[in-house]
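# Tertiary structure, described
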Amino acid sequence: MPMRTIPIQQRSLSIYTLVGAIQSAVWFFVLPPFTKRFWSQIFDNYTNQQAEVLLWAIAAPYMLLYILVAALPPYYIFRDWEFLQQYKISKDPWPWLVMLNNQECNRGNGDKKSDDDISAKQRQEAFWKQTYKSIILDFLGLFVFIPVLVYIKTILLPDQGMSFSVEDFPAPSIQSATTLLSMGIIHEFGFYWTHRLMHMYPSLYKYHKVHHEYKQNNVLSAQHFHPIDFLISIAFPAISTTVIVRPHGFTQFQFGLWLLTANFDDHLGYSFPWTAVRWFPLAAGTDAHEYHHSVNMGCFGSKLSLWDWLFGTDNSYNEWRKKRWCLAD
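This structure is a prediction, so every number in the text was calculated from the model and none was measured.

## Comments concerning the nonpolar core
If you look at the biggest cluster of nonpolar residues, it comprises 32 residues, and the most contacted ones within it are Tyr75, Ile146, Phe264, Leu268 and Tyr270. Every element with two or more residues in this core is listed here: α3 (59–77), α5 (95–108), α6 (115–156), α9 (227–245) and α10 (249–266). Aside from chain neighbours lying at most four places away, what touches Tyr75 is Trp94, Trp96, Leu97, Asn218, Val219, His267, Leu268 and Tyr270.

## Thoughts on the packing of helix α1 (residues 15–43) against helix α2 (residues 48–55)
The geometry of α1 relative to α2 is characterised by a closest axis approach of 11 Å and an angle of 120° between their N-to-C directions. The orientation of α1 with respect to α2, classified from their angle, is oblique. Counted together, Trp39, Ile42 and Phe43 of α1 and Ala51, Leu54 and Leu55 of α2 form the full contact between these two elements. Of the residues belonging to the contact of α1 with α2, the class tally is six nonpolar, no polar and no charged.

## Remarks on α3
Along its length, α3 shows its largest kink, about 55°, at Ala71, and proline Pro73 lies within four residues downstream of that point. Listing the buried residues of α3 in full gives Ala59, Ala60, Met63, Tyr66, Ala71, Pro73, Pro74 and Tyr75.

## Some thoughts on α9
Taking 1.5 Å of rise per residue, 19 residues should cover 27 Å, and α9 covers 26 Å from first to last C-alpha, within 8% of that figure. At Ala235, α9 shows its strongest bend, of approximately 40°, with the proline Pro237 following within four residues. Arg246 lies just past α9 and shows a positive phi near 55°.

## Details of the environment of Thr275
Mapped onto the elements of the fold, Thr275 is located in the loop between α10 and α11 (286–295). C-alpha separation for the pair Thr275 and Met297, spaced 22 residues apart in sequence, amounts to 25 Å. Excluding residues that lie within four positions of it along the chain, Thr275 makes contacts with Gln10, Gly20, Gln23 and Asp265.

## Thoughts on the layout of surface pockets
Roughly 1200 Å³ of volume is contained in the largest pocket. Contributing to the lining of the largest pocket are 40 residues, with Ser24, Trp258, Thr261, Ala276 and Val277 lying nearest its centre. Of all elements in the fold, only α1, α3, α7 (174–200) and α10 reach the threshold of two or more residues within the lining of the largest pocket. By residue class, the composition of the lining of the largest pocket is 34 nonpolar, five polar and one charged.

## Remarks on the side chain of His199
If you trace the backbone, His199 turns up in helix α7. Among the polar contacts listed, one links the side chain of His199 to the side chain of His208, at a separation of 3.1 Å. At 3.2 Å, the side chain of His199 forms a polar contact with the side chain of His212. Apart from the residues within four sequence positions on either side, His199 is in contact with Tyr205, His208, His212, His292, Asn296 and Phe300.

The rules behind the values
Residues numbered from 1 in each chain as written. Predicted model: local features only at pLDDT ≥ 70, side-chain atom pairs only at ≥ 80, totals over all residues. Heavy atoms only, no water. Core = buried A, V, L, I, M, F, W, Y, C linked by side-chain atoms within 4.5 Å. Buried < 20%, exposed > 50% of the residue type's maximum accessible area, 1.4 Å probe, protein only. Helix = DSSP H or I, 4+ residues; strand = E, 2+ residues; numbered from the N terminus. Contact = heavy atoms within 4.5 Å. Axes fitted to C-alpha atoms, helices over the stretch in contact; angles between N-to-C directions. Parallel < 35°, antiparallel > 145°, perpendicular 65-115°, else oblique. Nonpolar A, V, L, I, M, F, W, Y, C, P; charged D, E, K, R; others polar. Bend = angle between axes of the 7 residues up to and from the residue. Expected span 1.5 Å × (residues − 1). 1 Å grid on protein atoms, 1.4 Å probe; cavity = no way out; pocket = protein on both sides within 12 Å on 5 of 7 lines; lining within 4 Å. Points joined across faces, edges and corners; volume = space filled by probe spheres on them. Polar contact = N/O pair within 3.5 Å; in protein donor to acceptor, adjacent residues only side chain to side chain.

Limitation: the analysis is restricted to geometry and does not speak to function.
Quick look at the structure:
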């Protein structure tokens with residue numbers, strides 16, 4: 001049976017909408033009672049200040065888990081499976097696959113070097129150089145910047161701490177849904193404007209352009225930030241949201257999982273319709289952030305399309321999307 005010419009789109013109604021919704025339902029309804037069983041064992045031996053820093057430590061192991069479960073299969077293990085590869089956003093091949101193909105060709109040609117081989121070698125060296133830089137920046141962001149900034153926040157704003165008690169542990173309810181929704185809207189508003197400002201002013205963009213070293217995203221680019229950019233466009237919206245909403249520690253944990261998943265998915269390079277963070281109408285498409293990286297304009301939001309839609313900064317993306325996926329008007 002021939003493969004679909006136009007792959008199923010994110011946010012379009014399909015069986016994958018149900019798959020995404022089920023994942024979100026597990027996150028909202030199942031995660032709270034499951035986590036509550038272990039909550040006291042994890043946090044009772046820590047002060048609220050220590051617990052808040054520890055809470056954000058989930059980012060590092062979760063990124064590793066995401067790479068192994070969500071990124072590695074389409075990147076390498078199932079690189080020839082057309083069903084997955086039809087959702088690849090960029091038409092350019094992955095750098096590591098170009099390297100593998102060139103090595104195989106060289107063995108077939110008796111290792112003779114051509115101009116194309118030399119150019120491929122240069123691209124290979126540039127790819128590994130960028131990869132090493134990403135690993136360093138990812139390490140600094142996850143193990144240094146996040147815990148240090150959260151610790152500073154707890155010192156400067158001691159009255160803005162969150163509860164880690166089991167007594168007021170949030171159960172799935174309209175109130176917890178409202179809290180999570182408000183956190184998503186507030187965080188996205190902060191990210192949208194800090195990100196947009198980073199593009200508006202050259203004095204700020206000189207830091208943000210480090211993130212734009214990636215024209216074709218892969219998951220390592222998710223935390224590929226200059227420290228100044230990280231402080232302004234990543235830390236500020238996240239910490240501001242916590243200060244404004246003052247959620248319970250578990251709600252912050254729950255929101256953090258959604259935030260990290262959406263951030264990694266932003267940079268995955270595939271527009272999978274079954275992902276838990278893209279199935280609902282207000283979700284921003286994965287290809288929106290890929291478009292932003294490829295042309296360095298528009299789509300300043302990340303997790304939600306709300307603010308780009310309100311301020312009209314997704315118009316060029318909408319036109320590009322129709323052409324990229326061959327969609328009708």
